[in-house]
Amino acid sequence: MEGFMEIEARDFSFRYSESANAALSSLTFAIPSGSCCAILGPTGAGKTTLLYALSGALGAHYSSGRGTGLVRIGGEEFNPVPQNVLFPRVGLALQEPHVQISGLRETVLEEIQFTLENIGLDDNLIEARTIDILRQLRIQHLAERKPGTLSGGEMQRVALASLLVARPPVILLDEPVTSIDGPGCLTLARSIVSLKKKSTVLFTDTGLDLALSVADWILVLAAGHQMFFGEKNSFLQNVQSFSGILPAHIWQSISNKLLAPGTDRQRRFARALGIR
Amino acid sequence: MFFGPSTKFAFTFLLGACAFALSWQLNIALAVFVVFLEHRAKPFRPRSSQTHRAFRRFAVQISLLALFIVILNSLFLRGAGQKIGSLDLPLYVDGLKFGLAVGTRVMLLSLSILLFFTSTSLREFSFLLLNAGIPTSIVTIILLSSHFVEQLPSKIGQIFSAQEARGAPVKSKLLARARSLFSVLSPLVLSSIAESVERGTALELRGFRGQLQIRKSDGEKLSFPGYVFLLLGVLAILWKVLWK
Amino acid sequence: MQTLKEQFKRELSGPSLPLVAFCVALNLLVGQITGLLKIPIYLDSIGTVLAAVLTGPWAAVVCGCLSNIMAAAFGNPTMMFFIPPMVSIGLFAGLIARLGWFRKLYLCIVGGILQGILASVLSAPISAQLFSGTTMGGADFLVIFFRSRGFSIFESTLLQGLVMDPIDKILTFVAIFFLTKNLPERLVTRFPGASNIRSLTG
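Residues numbered from 1 in each chain as written. Chains lettered and ligands numbered in written order. Predicted model: local features only at pLDDT ≥ 70, side-chain atom pairs only at ≥ 80, totals over all residues. Heavy atoms only, no water.

A.B. asks: Please provide a residue-by-residue account of the packing of aromatic side chains, values included.
C.D. replies: Residues and elements named next belong to chain B. One pass over the full model with this rule turns up 21 aromatic pairs over all chains. Seen from their ring centres, Phe3 and Phe44 are 5.4 Å apart, and the 70° between their planes marks the pair as edge-to-face. Here Phe3, found in the segment before α1 (5-21), pairs with Phe44, found in the loop between α2 (24-40) and α3 (49-76); they are 41 residues apart in sequence, far enough to count as distant. Residue Phe44 is classed as buried on the basis of its relative accessible area, which comes to 4%. Ring centres 5.1 Å apart and planes at 75° place the aromatic pair Phe116 and Phe117 in the edge-to-face group. A residue is classified by how much of its surface remains accessible, and Phe116, at 3% relative accessible area, is buried. Residue Phe117 is classed as buried on the basis of its relative accessible area, which comes to 5%. (Phe/Tyr/Trp six-rings, centres within 6.5 Å; stacked < 30°, edge-to-face > 60°. Helix = DSSP H or I, 4+ residues; strand = E, 2+ residues; numbered from the N terminus. Buried < 20%, exposed > 50% of the residue type's maximum accessible area, 1.4 Å probe, protein only.)

A.B. asks: With reference to specific residues and values, describe the interface of chain B and chain A.
C.D. replies: Contact with chain B, which involves 24 residues of that partner, is made by 31 residues of chain A. Across the chain B/chain A interface, buried area totals approximately 2600 Å², and carbon plus sulfur atoms make up 51% of it. Where Glu111 of chain A meets Arg206 of chain B, a salt bridge forms, and the shortest distance between an N and an O atom there is 2.5 Å. On inspection of chain B and its partner chain A, the count reaches 9 residue pairs in polar contact (both at pLDDT 80 or more). Residue contributions to the side of chain B that touches chain A peak at 8 residues, all from helix α7 (residues 174-205) of chain B. Along the lines of polarity and charge, the residues of the side of chain B that touches chain A split into 7 nonpolar, 8 polar and 9 charged. (Contact = heavy atoms within 4.5 Å. Buried area = accessible area lost by both parts, 1.4 Å probe. Salt bridge = Lys/Arg side-chain N within 4 Å of Asp/Glu carboxyl O. Polar contact = N/O pair within 3.5 Å; in protein donor to acceptor, adjacent residues only side chain to side chain. Nonpolar A, V, L, I, M, F, W, Y, C, P; charged D, E, K, R; others polar.)

A.B. asks: Can you tell me about unusual backbone geometry, naming the residues and giving the values?
C.D. replies: Residue and element names in this part refer to chain A. Omega for the bond connecting Asn79 with Pro80 falls within 30 degrees of zero, at -5°, which places this linkage in the cis form. Note on placement: Pro80 falls in the loop between β5 (76-78) and β6 (90-93). Cis geometry is found at the peptide bond from Phe87 to Pro88, where omega equals 10°. By the element assignment, Pro88 lies in the loop between β5 and β6. Even without glycine at this site, Asp11 takes up a positive phi of about 50°. As for its position among the elements, Asp11 is in strand β1 (residues 7-15). The exposure class assigned to Asp11 is partly exposed, which follows from its relative accessible area of 46%.

Here it is as structure tokens:
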């Protein structure tokens, strides 16, 4: 299933039934198809809740919660959220990679193929796509390993592979760089750049490197409220206003190294990715 | 496959039927035969050196248990009152015969079941069940639980160490240790329940709707020897029930 | 009134599947925990009771059966013979969970006693027929004691069970009471047995 899908929210709010405060409050944004949006914010900002809402998991499993507003994915409107998991149209990679390993397959290769078996592809296509994704994420050497023996970083890449192999038009990644080292980050960034050509990508992050490298749009949340939504350059021009919201180490990183365009670090990263 | 999982299952059934139908002498012979198969027969080769060691360990344990059953029954089951041998030991012939029948039966039954599982992976067993029409949810649980059995021991060890570092009386007197059981179980159960919720969602997010797909390479039909084993097993049971 | 098939499907879908799988693993591994702490109790049906409380009786029956089958796969095939008592634990615990017994500690204790009696009645014939009441475990001394007093194999095995099983089941049920008492509501409501342990609001 391939093709672009745009994502839009209009005055979207959500409150869990057992909570007095809204988890998400009046979010309004529109992410064009074939672009990448980074969702930034401190812990508890509602980043994961937003991804769950867009994937359909929130509507499917928290039906007692109260949602208002509207969400539109690929032209289909939901009032306010999808009530069923939208896979394979929308793919969500969870924060903890070890829970994404199904445990139902003996090797990494079979684990990745499990996704395609679920969506009913035939054996030849399953094999071809699996080989392709292993190559893309540079994890061919892990194919015959048992998933339970992988390191945190390896597991994260395998979990990502098992999602991306289905080629969903919308890809949601919840803190994809948490367990990944430097070279792994670069591989991930390259993958996102190439994924943007075929899908719409949203990811959450507590750091800023990946966001500034690959994202076209930035959405900043704090305590469920939308603090900013716009293009990356516009974010950088207004970044002073987020000093109280973003974690201190991110603010430090921005103010020391990345505020002035053309800094060495930014140039090196862009060169490594092959983007301007 | 000539001697695939379903044929091995049929063979196990036959051995189990023999355990109930045959005499203790034949049961001992078959038990030795089972041990021989585990050592030498290719279809029954253990999956790993770990399972081979587990089989050997169990074979010793069950032999000792069988011996214990024989001695216990010889001591307490007096029957006609005839003692064993010329020495005036309190061991009785009827008890000995009964003990031998019970002991060798449980030995053969247990060893044949273990032979099946040491030579068949859980995955092969799962597909055997799927082919037999067992619901997918049950097969999924088998596969998932074997995954957890591999992963949880290290988690348990970590929780135990963490609780010990917090001052839980894990090496104190019995009552204190019993109380600290809760301090180990509680975080394990809570984190696992939370993880179950996430795992359930994660499976759904990968398109799993409760139906495990069987690919052509996973299926396996019962071979001709398998049908023969099943038939012989049924006949053995009928013979025991109707004629013996 | 749901059909059996509908109940089965309800209890074994979504997060209940991985939960029951965890409960099977817990039954198999609880011995590791009691071994680390060096305490002489089994609790080898604790996972079955947890599944009964959080999902329902049928999921608990599946959990119990699979625990015993998988014990065979992991090197202890004699557990397979004790599937009937495990089935009774799943059904009984599931039934009393639906009646709300796991919300009150004293009812958990009563339930443990009743379950212990039921389990010993069901396991005695199996143990007597197949093992002459012995397992080379610590409780064998009780069987030997009763047999030396003139009781038959079955009677000795039953009496041993009636002494040991209620203690083990009381400890199991009470452990589950405390383990489920403070579970966050957001977690509990994801399972079909939520109302077994909580009066849910909203």
